[in-house]
Amino acid sequence: MSSLLGSLRRLVLAPSLADVTFGARGFPVVPSALTDRLEAIPQAVVCGFEWGIDVRDQWEIERRLSLVDVEQRGFAYEGATMAFTVLDAMGGGRGRRTRDLLTGPGQPHIFLAYIGIGFAMARLPRVLWKKVLPDLSGTPYHPTMSWLAVDGYGFDLAYFHTRRHVDGQQVPDPYPWQGDAAYFPRAVDQGVGRALWFIHGGRPGEVAAAVRAFAPGRQADLWSGVGLAATFAGCEAGAAAVLREEAGQHRGELAQGSVFATKARDYSGFVPEHSAATGAVLTGLDVSGAVALADDSEVVAGTSERVPDYELWRGRVRAHFAVEAEVRSH
């Protein structure tokens, strides 16, 4: 069994803790308290993945993850979800590990768990992608928020293949996620935007320059990803205000990503002070206000046959900030 698990790890190319440090990745960052916090996030994912590959049952993974600091626990669930997704898709698990996790102890972390599915997608052949999304019917935000799996896939491409997908701006081939291949590249870009926040160590000027280096048509989704990452991980004092200024015409997208991050943090049961503070600057809303906006903007499933419910939801949040900007201009 141990040999089989070792082979599986090599197959999915699971990184080590050292592999996800900024030094190992070659990211141009200046060490700080913020970069230490940013590095801890992918390391928590790696721990969750290793535990997910090795555990014998759900009780054990739940117990292990409960020992992770509450601020990082959702990221560890990301990694565990990634492991269970790989096991289920390849037939090495019971076929229901991911579903049982996400309808059980992983439900509060469902937003990040979807991203973990995307990390698995980056390591699985596309022929197996039809197996990665479990049937979560009856649970909140499914399947609307399952587009976060594609976001996670995009993050993984940018984070681990930076030269190709950031420097070279390569766009992966479309895939009919939820039957919509046309929206797939946009959701990928939202993940790429999140990765830019990590790649540049949360420095607003460098992140903004990286976004502007992309084709204009991609920048809105990139800014949304930046807003989500910056709020989840938090900014240094004053950096959020600079980031908001740098976003310019895309402040609405930046704020939309921030609102979704606050919603996800709140749904997990814990909003770190740095997330609340960053979100307040990027959106002008406190935690309760951001959560209320997210909830009030949610769409009824199947509202449009042409636009994913996920994008309709994002659009309603963006519209709130467009109206606010119009009011301020008068």
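The paragraphs below set out a description of the structure included in this document. (Residues numbered from 1 in each chain as written. Predicted model: local features only at pLDDT ≥ 70, side-chain atom pairs only at ≥ 80, totals over all residues. Heavy atoms only, no water.)

## Here's the deal with the overall build of the chain
Right, on to step 1. Secondary structure assignment for the chain yields 17 helices and zero strands.
Right, on to step 2. Relative to its length of 330 residues, the chain is compact, with a C-alpha radius of gyration of 18 Å against a globular reference of 20 Å.
Right, on to step 3. Summarising its shape, the C-alpha atoms of the chain cover approximately 65 × 45 × 35 Å along the three principal directions.
Right, on to step 4. Across the 330 residues of the chain, 55% fall into the buried class.
Right, on to step 5. Long-range contacts, defined as pairs at least 24 residues apart, comprise 74% of the intrachain contacts of the chain with a sequence gap of at least 6. (Helix = DSSP H or I, 4+ residues; strand = E, 2+ residues; numbered from the N terminus. Rg over C-alpha atoms; globule rule 2.2 N^0.38 Å. Buried < 20%, exposed > 50% of the residue type's maximum accessible area, 1.4 Å probe, protein only. Contact = heavy atoms within 4.5 Å.)

## Concerning the packing of helix α11 (residues 204–212) against helix α13 (residues 239–247)
Right, on to step 1. Interaxial distance between α11 and α13 falls to 9 Å at its minimum, and their mutual angle equals 25 degrees. Comparing their axes, α13 and α11 come out roughly parallel. Of the two elements, α11 crosses α13, and the hand of that crossing is right-handed. When α11 is examined against α13, the residues Pro204, Gly205, Ala208 and Arg212 are found in contact with a partner set consisting of Ala239, Val242, Leu243 and Glu246.
Right, on to step 2. Across the contact of α11 with α13, the residue classes tally to five nonpolar, one polar and two charged. (Axes fitted to C-alpha atoms, helices over the stretch in contact; angles between N-to-C directions. Parallel < 35°, antiparallel > 145°, perpendicular 65-115°, else oblique. Left-handed = near helix turned anticlockwise from the far one by under 90°. Nonpolar A, V, L, I, M, F, W, Y, C, P; charged D, E, K, R; others polar.)

## Concerning the pattern of salt bridges
Right, on to step 1. Tallying each qualifying case throughout the model produces 14 salt bridges.
Right, on to step 2. We note a salt bridge from Asp221 to Arg186, for which the minimum N-O separation is 2.8 Å. Here Asp221, found in helix α12 (residues 216–233), pairs with Arg186, found in helix α10 (residues 184–199); they are 35 residues apart in sequence, far enough to count as distant.
Right, on to step 3. A relative accessible area of 4% means that Asp221 is categorised as buried.
Right, on to step 4. Residue class for Arg186 comes out partly exposed when judged on its relative accessible area of 31%.
Right, on to step 5. Put simply, Glu311 and Arg186 hold a salt bridge, and the shortest N to O gap is 3.5 Å. (Salt bridge = Lys/Arg side-chain N within 4 Å of Asp/Glu carboxyl O.)

## Focus: α11
Right, on to step 1. When we look at burial in α11, the residues that qualify are Pro204, Val207, Ala208, Ala210 and Val211. For α11, the buried positions fall inside an angular range of 160 degrees around the axis, keeping them on one side. (Arc of directions from axis to C-beta.)

## Digging into the nonpolar core
Right, on to step 1. Met145, Trp177 and Trp197 are the most contacted members of the largest nonpolar core, which totals 99 residues.
Right, on to step 2. Met145 has contacts with Phe111, Tyr114, Phe260, Tyr310 and Trp313, leaving out every residue within four places of it along the chain. (Core = buried A, V, L, I, M, F, W, Y, C linked by side-chain atoms within 4.5 Å.)

## Considerations on the environment of Glu50
Right, on to step 1. Assignment of secondary structure puts Glu50 in helix α3 (residues 33–54).
Right, on to step 2. A sequence separation of 34 residues divides Glu50 from Ser16, and the C-alpha atoms of the two residues are 9.4 Å apart.

## Some details on the packing of aromatic side chains
Right, on to step 1. In the structure shown here, the tally under the stated rule is 20 aromatic pairs.
Right, on to step 2. Centroid distance Phe260 to Tyr310: 6.2 Å. Interplanar angle 55 degrees. Geometry classified as tilted. Of this pair, Phe260 sits in helix α14 (residues 251–268) while Tyr310 sits in helix α17 (residues 309–329), placing them 50 residues apart in sequence. Of the two residues examined, Phe260 and Tyr310, each falls in the buried class.
Right, on to step 3. An aromatic cluster of at least three residues, connected via ring pairs, comprises Phe111, Tyr141, Trp147, Tyr183, Phe260, Tyr267, Tyr310 and Trp313. (Phe/Tyr/Trp six-rings, centres within 6.5 Å; stacked < 30°, edge-to-face > 60°.)

## A closer look at unusual backbone geometry
Right, on to step 1. A cis geometry characterises the amide bond from His142 onward to Pro143, with omega recorded as 5 degrees.
Right, on to step 2. Tracing the chain through its elements places Pro143 in the loop between α7 (110–121) and α8 (147–160).
Right, on to step 3. For Gln169, which is not glycine, the phi torsion reads 55 degrees and is therefore positive.
Right, on to step 4. If you trace the backbone, Gln169 turns up in the loop between α9 (162–167) and α10.
Right, on to step 5. Of note, Gln178 is a non-glycine position whose phi angle comes to about 50 degrees, a positive value.
Right, on to step 6. Looking at the secondary structure, you find Gln178 in the loop between α9 and α10.

## So, helix α4 (residues 58–66)
Right, on to step 1. For α4, every residue scored as buried is listed here: Glu60, Ile61 and Leu65. Within α4, the buried residues cover an arc of 125 degrees as seen down the axis, which keeps them to one side.

## Details of the environment of Glu273
Right, on to step 1. Assignment of secondary structure puts Glu273 in helix α15 (residues 273–283).
Right, on to step 2. Between the C-alpha atoms of Glu273 and Gly234, which are 39 residues apart in sequence, the distance is 8.5 Å.

## A short note on the packing of α10 against α12
Right, on to step 1. Two elements in contact, α10 and α12, have axes separated by 6 Å at closest approach and are oriented at 50 degrees. Classed by the angle they form, the pair α10 and α12 counts as oblique. Note that α10 runs across α12; the crossing there is right-handed. In this structure, α10 contributes Arg186, Asp189, Gln190, Val192, Gly193, Arg194, Trp197 and Phe198 to the contact, and α12 contributes Arg218, Asp221, Leu222, Gly225, Val226, Leu228, Ala229, Ala230 and Ala233.

## Brief notes about the environment of Glu246
Right, on to step 1. By the secondary structure assignment, Glu246 is in helix α13.
Right, on to step 2. Considered as a pair, Glu246 and Ala208 are 38 residues apart in the sequence and their alpha carbons are 6.2 Å apart.
Right, on to step 3. Apart from the residues within four sequence positions on either side, Glu246 is in contact with Pro204, Gly205, Ala208, Arg212 and Trp223.

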